[in-house]
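# Structural characterization, general
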Amino acid sequence: MSRKDSPPDEYDIREWARWLRQTNHPTVQIIRDLVSSALVVLLIGVVLFAISGVWPPMVAVESGSMEPHMSRGDLVFVVEESRFAPTAARDPTGVVTYRMGKRVGYRKFGSYGDVIVYRPNNTGETPIIHRARFWVNESENWYDKANPAYLDGENCREIPNCPAPQAGFITKGDANDKYDQVIGLSGPVRPVWIEGKAELRIPWIGYIRLLFGVLIV
């Protein structure tokens, strides 16, 4: 081992700092590379959080409920729902529904309206990433607002969550054949349940996140 690779003989913080930066000692090099990589990842995370306003700003898709517009293993960049909100968004949520999006020509991920990430009842359940279809008010009979193809009944009395037990969004996965509220996945999605809205997807990279349990369905 050369003198350069040997640690200083005496304790001097400046000498030790210089040695840690410059030495070619294999163990120190590995630790130095790991620390540098961790700092880069941390910096990227801080920048993404500053842009998105939510944490984590990147989440992975676990299921195929949003196919073909999102697939299992996609990494999705999520922003706070009030950020970048267009004028067509429903105040004060910042979310554009499918109904409004179709009216004004607002599209996200291959269809009209925003795709939101929400956690039913604000519980510890896995978050859901589905499209906001339309808004309902508390006690509203929303049968006539709905697309009959996504219902499972011939009137409001035969449909779960109709009349609406609370105000919120009726949601649906693009690949699903029924609304979330019809199949019992969630009640009308309250604004406080929303953790963000999807802005960008990166195919396949999300498989890395799935290994660590950071996912949405």
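Definitions and limits used
Throughout, residues of each chain are indexed from 1 in the direction in which the sequence is written. Local features in this predicted model are restricted to residues whose pLDDT is 70 or higher, and side-chain atom pairs enter the listing and the counts only when it is 80 or higher, whereas totals over whole chains, interfaces and linings include all residues. Each side-chain value is derived from all of the structure's non-hydrogen atoms; neither hydrogens nor water enter the calculation. UniProt positions are given in the numbering used here, feature names are shortened, and annotations may be inferred rather than shown by experiment. Going along the chain from the N terminus, every DSSP run of H or I of four or more residues is numbered as a helix, and every run of E of two or more is numbered as a strand. Throughout this description, buried means an accessible area under 20% of the type-specific maximum (1.4 Å probe, protein chains only), exposed means over 50%, and partly exposed covers the range between. Whether two residues are in contact is decided by their heavy atoms, any of which lying within 4.5 Å being enough. Here a polar contact means two N or O atoms within 3.5 Å. Within protein one must be a hydrogen donor candidate and the other an acceptor candidate, and residues neighboring in sequence count only if both atoms are side-chain atoms. A pair is scored as a salt bridge if a Lys or Arg side-chain nitrogen falls within 4 Å of a carboxyl oxygen belonging to Asp or Glu. Only residues whose relative accessible area exceeds 30% and that take part in no salt bridge are eligible for patches, with like-charged residues grouped when within 9 Å of each other and nonpolar side chains (Val, Leu, Ile, Met, Phe, Trp, Tyr) grouped when within 5 Å. All accessible-area figures derive from a Shrake-Rupley calculation using a 1.4 Å probe, and residue coverage is judged against the displayed protein chains alone. In this count, Lys and Arg are taken as positive residues and Asp and Glu as negative ones, while His and the chain termini are left out. Positions of charges follow a simple convention, taking NZ of Lys, CZ of Arg, CG of Asp or CD of Glu. Whether two strands pair comes down to DSSP finding at least two bridges between them.

Under an unreviewed UniProt entry, the name given to the protein chain is S26 family signal peptidase, and the organism recorded is Halogeometricum luteum. Reading the Subcellular location (unreviewed entry) entry of the UniProt record for the protein chain gives the comment "Membrane".

Helices and strands together make up the secondary structure of the protein chain, namely 4 helices and 9 strands. Reading the protein chain from its N terminus to its C terminus gives the helix and strand order α-α-β-β-α-β-β-β-β-β-β-α-β. When each of the 217 residues of the protein chain is scored for burial, the buried share is 41%. Sequence separation of 24 or more characterises 60% of the internal contacts of the protein chain that already satisfy a separation of 6 or more.

We now examine unusual backbone geometry. Between D91 and the following residue, P92, the backbone shows a cis peptide bond with an omega angle of -10°. Along the chain, P92 falls in the loop between β2 (75-79) and α3 (98-104). The amide bond that connects C162 to the next residue, P163, takes the cis arrangement and shows omega of -5°. Within the element layout of this structure, P163 appears in the loop between β6 (128-136) and β7 (168-172). Even without being a glycine, F109 presents a positive backbone phi close to 50°. Position of F109 among the secondary structure elements: in the loop between β3 (107-108) and β4 (111-112). The backbone of N161 shows a phi angle near 65°, a positive value even though the residue is not glycine.

With that settled, the discussion passes to the side chain of T97. One can find T97 in the loop between β2 and α3. Among the polar contacts listed, one links the side chain of T97 to the backbone nitrogen of M100, at a separation of 3.2 Å. Excluding anything up to four places from it in sequence, T97 contacts G113, A132, R133, F134, W135 and F169.

The next point concerns the pattern of salt bridges. Using the criterion set out here, one finds 5 salt bridges in the structure. With a shortest N-O distance of 2.7 Å, E195 and R119 are connected by a salt bridge. Placement of E195 in strand β8 (residues 194-202) and of R119 in the loop between β5 (115-118) and β6 is noted, with a sequence separation of 76 residues between them. Measuring nitrogen to oxygen at the nearest pair gives 3.0 Å for the salt bridge that ties K145 to E140. For E140, a relative accessible area of 18% puts it in the buried group.

On the surface, a cluster of negative charge is made up of D152, E154, E158 and D177. Tracing the backbone through its elements, the reader meets D152 in the loop between β6 and β7.

Together, L200, I202 and I205 make up a nonpolar patch on the protein surface, roughly 240 Å² of accessible area in all. Looking at where I205 falls in the secondary structure, it is placed in the loop between β8 and α4 (206-210).

What follows deals with the pairing of β7. Buried residues dominate β7, accounting for 5 of its 5 residues. As judged from the 5 bridges shared by β6 and β7, these two strands associate in the antiparallel manner. Opposite F134, over in β7, you have I170 as the bridge partner.

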